[in-house]
Amino acid sequence: MGWTRPGLSSPLRPICDLRVLDHFIKEARDAEVAMKSCREGCSLSESVSVPQTTVDFDVWEKKNGLDQAHEVQSGLWLLQQALGLLRTSVTNTALHSHLDNSIRNLLSINAVLHSLNIQEYTPPASAAELEGTWRVSSATDLLQVHVNFLRGKVRLLLMDAQACQQDVS
């Protein structure tokens, strides 16, 4: 027996609650702040490919859901690769927990996308095969891209996910 009254819309599914994404964004910002205050043992060993974070809303709205999901998933994959490389090149142990959290959160976002029945992403053989990327060579730039990607394209995809739309019947 449920606790809802007839005529009231049901609450959003927990995986659609954007407060979870907001928590991930806060943790990504914390990592960025920690990186900015790091003075030693916190550099990226080589430049990495990252997703574009700018969103042209007219172009985004015209894309179908599958294309939007693919763009977000490829961006998440790029960020996982880049943060993994950063994690191995950083010797500052205080930053390790921030980077571990960031990588775990990206994996959680992928799990959420899977729960929303978004087709599983198959990464390319190399990042060079992906469109809409650019390269960064500093750890702070990488972490800034991470925050902006979560705030932008990931949020847009989750807000518009079909499984998260409330029934208005």
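For the structure, see preceding data.
Residues numbered from 1 in each chain as written. Predicted model: local features only at pLDDT ≥ 70, side-chain atom pairs only at ≥ 80, totals over all residues. Heavy atoms only, no water.

**Regarding the nonpolar core**
Core analysis: the largest hydrophobic core is formed by 45 residues, its most contacted members being Leu86 and Val154. Elements that contribute at least two residues to this core include exactly α1 (18-37), β1 (48-51), α3 (65-89), α4 (93-115) and α5 (139-160). Of the residues forming this core, the biggest block, eleven residues, is contributed by α5. Apart from the residues within four sequence positions on either side, valine 154 is in contact with Leu21, Val72, Leu76, Ile109 and Phe149. (Core = buried A, V, L, I, M, F, W, Y, C linked by side-chain atoms within 4.5 Å. Buried < 20%, exposed > 50% of the residue type's maximum accessible area, 1.4 Å probe, protein only. Helix = DSSP H or I, 4+ residues; strand = E, 2+ residues; numbered from the N terminus. Contact = heavy atoms within 4.5 Å.)

**Overview of the state of the cysteines**
Here the structure, examined in full by the defined rule, presents one disulfide. With its sulfur 2.2 Å from that of its partner, cysteine 38 forms a disulfide with cysteine 42. As the torsion about the S-S bond is roughly -105°, the cysteine 38-cysteine 42 disulfide counts as left-handed. The exposure class assigned to cysteine 42 is buried, which follows from its relative accessible area of 14%. (Disulfide = S-S within 2.5 Å.)

**Comments concerning α5**
Note that an α-helix has 3.6 residues per turn; residues three or four places apart therefore point the same way. For α5, with 22 residues, the first-to-last C-alpha span of 31 Å sits near the 32 Å given by 1.5 Å per residue. In α5, a bend of some 35° at phenylalanine 149 exceeds every other bend along the element. (Expected span 1.5 Å × (residues − 1). Bend = angle between axes of the 7 residues up to and from the residue.)

**Some remarks on the side chain of glutamine 68**
When you line up the elements, glutamine 68 lands in helix α3. Taking the relative accessible area as the measure of exposure, glutamine 68 reaches 8% and is therefore buried. Reaching out from glutamine 68, the side chain makes a polar contact with the backbone oxygen of tryptophan 60 at a distance of 2.8 Å. Residues within four places of glutamine 68 in sequence aside, it is in contact with Trp60, Glu61, Lys63 and Leu157. (Polar contact = N/O pair within 3.5 Å; in protein donor to acceptor, adjacent residues only side chain to side chain.)

**Concerning the side chain of glutamine 80**
In this structure, glutamine 80 sits in helix α3. On the basis of relative accessible area, glutamine 80 is assigned to the buried category, the value being 18%. Those residues in contact with glutamine 80, other than ones at most four positions away along the chain, are Leu106, Leu107 and Asn110.

**A short note on unusual backbone geometry**
At asparagine 117, a position not held by glycine, the phi torsion is positive, near 65°. In this structure, asparagine 117 sits in the loop between α4 and β2 (133-136).

**A few points about the packing of α4 against α5**
α5 packs onto α4 with a crossing angle of 15° between their chain directions and a minimal axis gap of 13 Å. Classified by the angle their axes make, α4 and α5 are roughly parallel. Seen from above, α4 lies across α5 with left-handed handedness. Across from Leu99, Ser102, Leu106, Ile109, Val112 and Leu113 in α4, the residues of α5 making contact are Leu143, His146, Leu150, Val154, Leu157 and Leu158. (Axes fitted to C-alpha atoms, helices over the stretch in contact; angles between N-to-C directions. Parallel < 35°, antiparallel > 145°, perpendicular 65-115°, else oblique. Left-handed = near helix turned anticlockwise from the far one by under 90°.)

**A look at the environment of leucine 66**
Tracing the sequence through the fold places leucine 66 in helix α3. Placed 53 residues apart in sequence, leucine 66 and glutamine 119 show a C-alpha to C-alpha distance of 8.1 Å.

Read these as spatial facts, not as claims about activity.
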